[in-house]
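# Architecture and fold: a report
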Amino acid sequence: MITTQHLKNAMHAELKPRGFQRKGSNWYLSGAQVIAMLNLQKSQYGATYFLNLGFWLQQIEHNDFPRAHQCHISARASSLWPEGTPRPEAGPPRIADLLNLDDYPCNDTQRLDQLRRFIADKLVPVLKAGVTLEGLNQLLAEDDEFQITLAARNVLGLAPLD
């Protein structure tokens, strides 16, 4: 049975060689302008997990290790990448299903391998792109699933929400 520690270890194995620093259930990639972070969150209702992405703009306030809920820009991985299949035999799983340890039938080794592949192929490129204001603006232009604070909208020159 996979535990939270197994998930953290698999994530750390993918993220540390790519320059990420771990603090608890958070991994940080620091740029001069932006800190990108990835957070592993466990549901209080069972063995379901969530991957939260966040971006902290140093221009607004300096913070080397912001928590997920503090980030100026944030999104859940399952919102950014909803594609996949709910049935293991039909192809690659949705990340939301892969992280649902209670209900998604999957061999433990296969689950951890797929999580590592998802991190390497999907999450790392987005997080690395987001450590500059230019890269972050491009990410935000490509995907409307990000939650953006008013302060971040002002720094990035984005129109306020109506």
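Residues numbered from 1 in each chain as written. Predicted model: local features only at pLDDT ≥ 70, side-chain atom pairs only at ≥ 80, totals over all residues. Heavy atoms only, no water.

## Quick word on the overall build of the protein
Definition in use: Only runs of H or I of at least four residues qualify as helices and only runs of E of at least two qualify as strands under DSSP, and these elements are numbered from the N terminus. We call a residue buried when its accessible area falls under 20% of the maximum for its residue type, exposed when it is over 50%, and partly exposed in between, using a 1.4 Å probe and counting protein chains only. Contacts are assigned to residue pairs with any non-hydrogen atoms lying within 4.5 Å of each other. None of His or the chain ends enter the tally, which takes Lys and Arg as positive and Asp and Glu as negative. By convention, charge coordinates are those of NZ in Lys, CZ in Arg, CG in Asp, or CD in Glu.
When you go through the protein residue by residue, the secondary structure sums to six helices and six strands. Its helices and strands taken in sequence order, the protein reads α-β-β-β-β-β-α-α-α-α-β-α from the N to the C terminus. Expressed along its principal axes, the backbone C-alpha trace of the protein runs to roughly 45 × 30 × 30 Å. Within the protein, buried positions represent 46% of all 162 residues. Partitioning the contacts of the protein with sequence separation of at least 6, the portion at a separation of at least 24 is 50%. Across the protein, 16 positive and 17 negative side-chain charges occur, with their mean positions spaced 8 Å apart.

## Brief notes about the nonpolar core
How we decide: We call a set of buried Ala, Val, Leu, Ile, Met, Phe, Trp, Tyr and Cys residues a nonpolar core when their side-chain atoms join them within 4.5 Å.
Residues Leu51, Phe55, Ile73 and Leu123 are the most contacted members of the largest nonpolar core, which totals 44 residues. Broken down by element, this core gets its largest block of residues, eight residues, from helix H4 (residues 108–129). The contact partners of isoleucine 73, leaving out residues within four places of it in the chain, are Leu53, Gly54, Phe55, Leu57, Leu136, Leu140, Phe146, Gln147, Ile148, Ala152 and Leu156. Listed in part, the six residues of the second largest apolar core include Ile35, Met37, Trp56 and Ala68.

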